[in-house]
Amino acid sequence: VAQVTGASSDKLRVIDAFVVRYDASKQKALPLHSDQSEYSITLPLNDRSQYEGGGTFFAALDEAVNCDTGGLVVFPGALYHAGAPTTRGR
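In this convention, every chain numbers its residues from 1, walking through the sequence in written order. With pLDDT at 70 or above as the cut-off, local features in this predicted model cover only qualifying residues; side-chain atom pairs require 80 or more to be listed or tallied, and sums for whole chains, interfaces and linings still use all residues. Hydrogens and water molecules were not included; the side-chain quantities draw on all heavy atoms of the structure.

Undergrad: Explain the overall build of the protein here, please?
TA: Counting its secondary structure elements, the protein contains one helix and eight strands. Think of it this way: any DSSP run of H or I at least four residues long counts as a helix, any run of E at least two long counts as a strand, and we number them from the N terminus. Along the chain direction, N to C, the helices and strands of the protein fall in the order α-β-β-β-β-β-β-β-β. Atoms counted for the radius of gyration: C-alpha only. Globule rule: 2.2 Å times residue count to the power 0.38. Computed over its C-alpha atoms, the radius of gyration of the protein comes to 13 Å, within 12% of the 12 Å expected for a compact globule of 90 residues. C-alpha atoms of the protein, sized along the principal axes, occupy 40 × 25 × 20 Å. Throughout, a contact is declared for two residues whenever any of their heavy atoms are within 4.5 Å. Of the contacts formed within the protein by residues at least 6 apart in sequence, a portion of 70% connects residues at least 24 apart. Accessible surface computed for the protein: about 6,400 Å², of which carbon and sulfur atoms make up 53%. A gap of 8 Å separates the mean positions of the 8 positive and 10 negative side-chain charges of the protein. Reported accessibility uses the Shrake-Rupley method at a 1.4 Å probe radius. Residues are deemed covered only where the shown protein chains occlude them. Only four residue types enter the charge count: Lys and Arg as positive, Asp and Glu as negative, with His and the chain ends excluded. By convention, the charge on Lys lies at NZ, on Arg at CZ, on Asp at CG and on Glu at CD.

Here it is in structure tokens:
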């Protein structure tokens, strides 16, 4: 995260962890919002073969960004984003 943001690694701390399990038959998405953090990080815990859709929707891009298991999406917390709908799986 320090490499991506340019922040000093000795100043980065996890203050709050928010875990969401998206499921096409239950919690499909998360509404548009911003976070009260300098940076936010999303990371998939499931392989993309286990679900369709999903990812982090960014209002400024008007599209969702996703990555493979083991990858991270790092962005300024003030940026408006949402959990894009999962259409199959979880």
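Undergrad: Help me understand the environment of threonine 42 in this model?
TA: For threonine 42, the location among the structural elements is in strand S2 (residues 39-42). Residue threonine 42 is classed as partly exposed on the basis of its relative accessible area of 24%. In this structure, the C-alpha to C-alpha distance between threonine 42 and valine 19, residues 23 residues apart in sequence, is 9.4 Å. Of note is the side chain of threonine 42, whose polar atom sits 3.3 Å from the side chain of threonine 56. Buried, partly exposed and exposed residues are distinguished by accessible area as a fraction of the type maximum, computed with a 1.4 Å probe on protein chains only: under 20%, between the cut-offs, and over 50%, respectively. Polar contacts, as counted here, are pairs of nitrogen or oxygen atoms within 3.5 Å of one another; within protein the pair requires one atom able to donate a hydrogen and one able to accept it, and residues that are adjacent in sequence qualify only if both atoms are side-chain atoms.

Undergrad: In this structure, what is going on with the side chain of aspartate 23? I would like to understand it.
TA: Take aspartate 23: it is sitting in the loop between helix H1 (2-5) and strand S1 (30-33). Here aspartate 23 is buried and forms no salt bridge, its nearest opposite-charge partner arginine 90 lying at an N-O distance of 4.0 Å. Among the polar contacts listed, one links the side chain of aspartate 23 to the backbone nitrogen of serine 25, at a separation of 2.9 Å. Setting aside residues no more than four positions away along its own chain, aspartate 23 makes contact with Lys28, Gly89 and Arg90. Whenever Lys or Arg places a side-chain nitrogen within 4 Å of a carboxyl oxygen from Asp or Glu, that contact is recorded as a salt bridge.

Undergrad: How should I be thinking about unusual backbone geometry in this particular structure?
TA: Keep in mind that most residues, glycine aside, have a negative phi and that most peptide bonds are trans. Here the phi dihedral of aspartate 62 falls at roughly 55°; this positive angle occurs in a residue that is not glycine. Structurally, aspartate 62 can be placed in the loop between strand S4 (56-58) and strand S5 (63-65).

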